[in-house]
Amino acid sequence: MIKCRELCKHYQTQEHSVPVLNSVNLDIHQGEFVALMGRSGSGKTTLLNILGLLDQPTSGTYELEGQSMLGHSSEQLAALRNQNIGFVFQQFCLLPRLTIFENIVLPLQYASGDVSDAYAYCRGLIDRLGLASLITRKPAQLSGG
Ligand SMILES: Nc1ncnc2c1ncn2[C@@H]1O[C@H](COP(=O)(O)OP(=O)(O)OP(=O)(O)O)[C@@H](O)[C@H]1O
Ligand SMILES: [Mg+2]
């Protein structure tokens, strides 16, 4: 599902180039659960940002479902993220002015033209997770967990 070969990422600062990822080869297959572990500053977020299509590598290749993830426009990358990738961000990244329901339904609204289908699907998920009583609140009105 995920295939990286000789993946490199160097950050360019004003003075010098900071090498962070040096020829990473990685295969993750459908259904696998993978934990990325390493000391602080070792490049975990850098790699996840590339795998999640939030950043591009300096060199090397990255294929997702057999398709190269390099050289796409930001609009194409946004569509690929919407269709293929789910994030659980440590800092939530919920939109503060939208309600919980609007936050949950937003990616599906972008993905499909049929809003009523998206609403019905999200209501089902919300019920399964026991969140129904919270969905009219704003993110700042919930507990962290
Ligand atoms: N935009 C940037 N410009 C220059 N250097 C950067 C930039 N972002 C990250 N770095 C450096 O790249 C290295 C890897 O950072 P990264 O955030 O990927 O580490 P991490 O493994 O996620 O660390 P942590 O466990 O602390 O979250 C660090 O040395 C960091 O200082
Ligand atoms: Mg990190």
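On a predicted model such as this, the values are computed, not experimentally measured, just so you know. (Residues numbered from 1 in each chain as written. Chains lettered and ligands numbered in written order. Predicted model: local features only at pLDDT ≥ 70, side-chain atom pairs only at ≥ 80, totals over all residues.)

### Regarding the site of ligand 1
As a structural note, the neighbourhood of ligand 1 is formed by Y11, T13, V18, V20, G38, S40, G41, S42, G43, K44, T45 and T46. Secondary-structure elements contributing two or more residues to the shell around ligand 1 are β2 (17–28) and α1 (44–51). When residues of the shell around ligand 1 are assigned to their parent elements, the largest contribution, three residues, is made by α1. Residues that form the shell around ligand 1 fall into these classes: three nonpolar, eight polar and one charged. (Near = placed C-beta within 6 Å. Helix = DSSP H or I, 4+ residues; strand = E, 2+ residues; numbered from the N terminus. Nonpolar A, V, L, I, M, F, W, Y, C, P; charged D, E, K, R; others polar.)

### Some thoughts on the nonpolar core
Grouped together as the largest cluster of nonpolar side chains are nine residues: C4, L7, L21, L47, I50, L51, L53, Y62 and M69. For this core, the elements supplying multiple residues, two or more each, are β1 (2–12) and α1. Beyond its immediate sequence surroundings of up to four residues, M69 is in contact with L53, Y62, E63 and L64. (Core = buried A, V, L, I, M, F, W, Y, C linked by C-beta atoms within 7 Å. Buried ≥ 20, exposed ≤ 12 C-beta atoms within 10 Å, placed from the backbone. Contact = placed C-beta atoms within 7 Å.)

### Examining the sheet that holds β1
Read across the open sheet, the four strands follow the order β2-β1-β3-β4; overall the sheet is antiparallel. Edge strands, defined here as strands with exactly one partner in the open sheet, are β2 and β4 (67–68). Where β1 and β2 come together, eight bridges link them in antiparallel fashion. Among the inter-strand pairings, K9 is bridged to a residue of β2, identified as L21. (Pairing = 2+ DSSP bridges.)

### A few points about unusual backbone geometry
Even without a glycine there, the phi angle at F92 is positive, about 65°. Position of F92 relative to the elements: it lies in the loop between α2 (74–84) and α3 (100–111). We classify F92 as exposed; it has 12 C-beta atoms within 10 Å. Even without glycine at this site, C93 takes up a positive phi of about 60°. Within the secondary structure, C93 is located in the loop between α2 and α3. Assessed through the 10 C-beta atoms surrounding it within 10 Å, C93 is described here as exposed.

### Digging into the domain arrangement of the chain
In terms of domains, the chain is made up of domain 1 (2–84) and domain 2 (100–141). Measuring from the centre of the C-alpha atoms in domain 1 to the corresponding centre in domain 2 gives 29 Å. (Domains from an automatic or database assignment.)

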